[in-house]
Amino acid sequence: MKNILIIGMGKFGEHLALKLKSLGDEVCIVDDNAEKIAALSNKITNAYVADCTNIDSLKDLGIKQYDVCVVAIGENFQSSLEITALLKELHAKKIVAKANSEIQSKFLTMAGADDIIYPEYDSAEKLAVICDSSKLFDFISISDKIGIYEIQPKKAWIGKALGDLDIRNKFHINIVAIKIDEDVDIPSADYVFTGQEHLFVIGSQSNILKLTK
């Protein structure tokens, strides 16, 4: 369990806060809009109205107690930049800031952000990859090159055993799990494909797209 501060209750900040709470983390949310905080106060106990561009407001929050401080402000970059710099000045353990462009990312990094997130960019990139393939359902990036992808089996695999197909050497991917409806299992070499399953495979995006197009 981690103690996390989220500054900025736009849609991204709100969804992040609720998800972290559902995972069992201690979450504190802050926004200068009283209506936004009032709307969330019944879901998240530690909810405060404050102007975090004011260093005294940040000091009152006890910044050093948080494992991660997230600056989730998207509509006012100047405020995001000021808050990031103040968090760095107050020796926040880790600062994650939301950016809408590469230039914003550079300035936020210079101001003290440890990590930068691009919610809109990442969502668009993910959707583009999924739309580009008729057999790709979802994926999670592990690095710039490698990810875990949810795909359909190739028609040529149906009725054949996993161990007989030499998938790793032919396609340069590894099948790590198989899902049928809501059941997920790790397949053995004698597993026979039916065409009803979804496969979770690990590999490079380029190899996955070659396989699924």
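A short tour of the structure in this document, coming up. (Residues numbered from 1 in each chain as written. Predicted model: local features only at pLDDT ≥ 70, side-chain atom pairs only at ≥ 80, totals over all residues. Heavy atoms only, no water.)

## Here we look at the environment of Ala34
The condition that has to hold: Going along the chain from the N terminus, every DSSP run of H or I of four or more residues is numbered as a helix, and every run of E of two or more is numbered as a strand. Three exposure classes are used, based on accessible area relative to the maximum for each residue type with a 1.4 Å probe and protein chains only: buried under 20%, partly exposed in between, and exposed over 50%.
Counting through the fold element by element, Ala34 comes out in helix α2 (residues 34–40). Under the relative-accessibility criterion, Ala34 is labelled partly exposed at 45%. The spatial distance from the C-alpha of Ala34 to the C-alpha of Gln205 is 44 Å, given a sequence separation of 171 residues.

## As for the pairing of strand β2 (residues 26–31)
Put simply, the rule reads: Each pair of strands is called paired provided DSSP finds at least two bridges between the two strands. Seen with its strands pointing away from the viewer, a crossover is right-handed if its path from the first strand over the helix to the second goes clockwise.
Of all 6 residues in β2, 5 are buried; the element is thus mostly enclosed. Relative to β2, strand β1 (residues 3–7) is paired through 5 bridges, and the arrangement is parallel. Its bridge partner being in β2, Leu5 is matched across the sheet by Cys28. As for the winding sense of the linkage, the β-α-β connection from β1 through helix α1 (residues 11–22) to β2 is right-handed. Note that β2 and strand β3 (residues 46–49) share 4 bridges and pair parallel. The residue bridging Val30 from the neighbouring strand is Tyr48, located in β3.

## Comments concerning the packing of aromatic side chains
Applied cut-off: Only centres within 6.5 Å qualify two rings of Phe, Tyr or Trp (six-membered ring in Trp) as a pair; their planes then separate them into stacked at under 30 degrees, edge-to-face at over 60, and tilted for everything else.
According to the stated counting rule, one finds 4 aromatic pairs in the structure shown. Here the aromatic rings of Phe139 and Tyr149 are separated by 5.3 Å at their centres, their planes lie at 20°, and the arrangement is stacked. Of the two residues, Phe139 sits in strand β7 (residues 136–141) while Tyr149 sits in strand β8 (residues 146–151), which places them 10 residues apart along the sequence. Here Trp157 and Phe171 contribute two aromatic rings whose centre-to-centre distance is 5.6 Å and whose plane-to-plane angle is 65°, an arrangement assigned as edge-to-face. Highlighted residues: Trp157 in the loop between β8 and α7 (162–165) and Phe171 in helix α8 (residues 167–171), separated in sequence by 14 residues.

## Side note on the pattern of salt bridges
To keep things clear, this is the line we draw: Think of a salt bridge as a Lys or Arg side-chain nitrogen and an Asp or Glu carboxyl oxygen that are within 4 Å of each other.
According to the stated counting rule, one finds 3 salt bridges in the structure shown. A salt bridge links Lys93 to Asp67; its shortest N-O distance comes to 3.9 Å. Taken together, the residues span a long stretch of sequence, with Lys93 in the loop between α4 (77–89) and β5 (95–98) and Asp67 in the loop between α3 (55–61) and β4 (68–71) at a distance of 26 residues. Assessed through its relative accessible area of 28%, Asp67 is described here as partly exposed. Between Lys94 and Asp115 there is a salt bridge; the shortest N-O distance is 3.1 Å. Of this pair, Lys94 sits in the loop between α4 and β5 while Asp115 sits in strand β6 (residues 115–117), placing them 21 residues apart in sequence. Given the relative accessible area of 33%, Lys94 is considered partly exposed.

## Side note on the sheet that holds β4
To keep it simple, the criterion reads: Helix axes use the C-alpha atoms of the stretch in contact, all axes being lines fitted to C-alpha atoms, and the angles between their N-to-C directions lie in the range 0 to 180 degrees. Only heavy atoms matter for contacts: two residues are in contact if any of them lie within 4.5 Å across the pair.
Across the sheet, 6 strands lie side by side as β3-β2-β1-β4-β5-β6; this open sheet has parallel pairing. Whereas interior strands pair on both sides, the edge strands pair on one side only; in this sheet they are β3 and β6. For this sheet, the mean angle separating the axes of adjacent strands, direction not counted, is 20°. Sheet topology places β4 next to β5; 3 bridges connect them, and they run parallel. Across the sheet, residue Cys69 finds its bridge partner in β5, namely Ile95. The sheet contacts of α1 involve β1, β2, β4, β5 and β6, and relative to β1 the element is tilted by about 165°.

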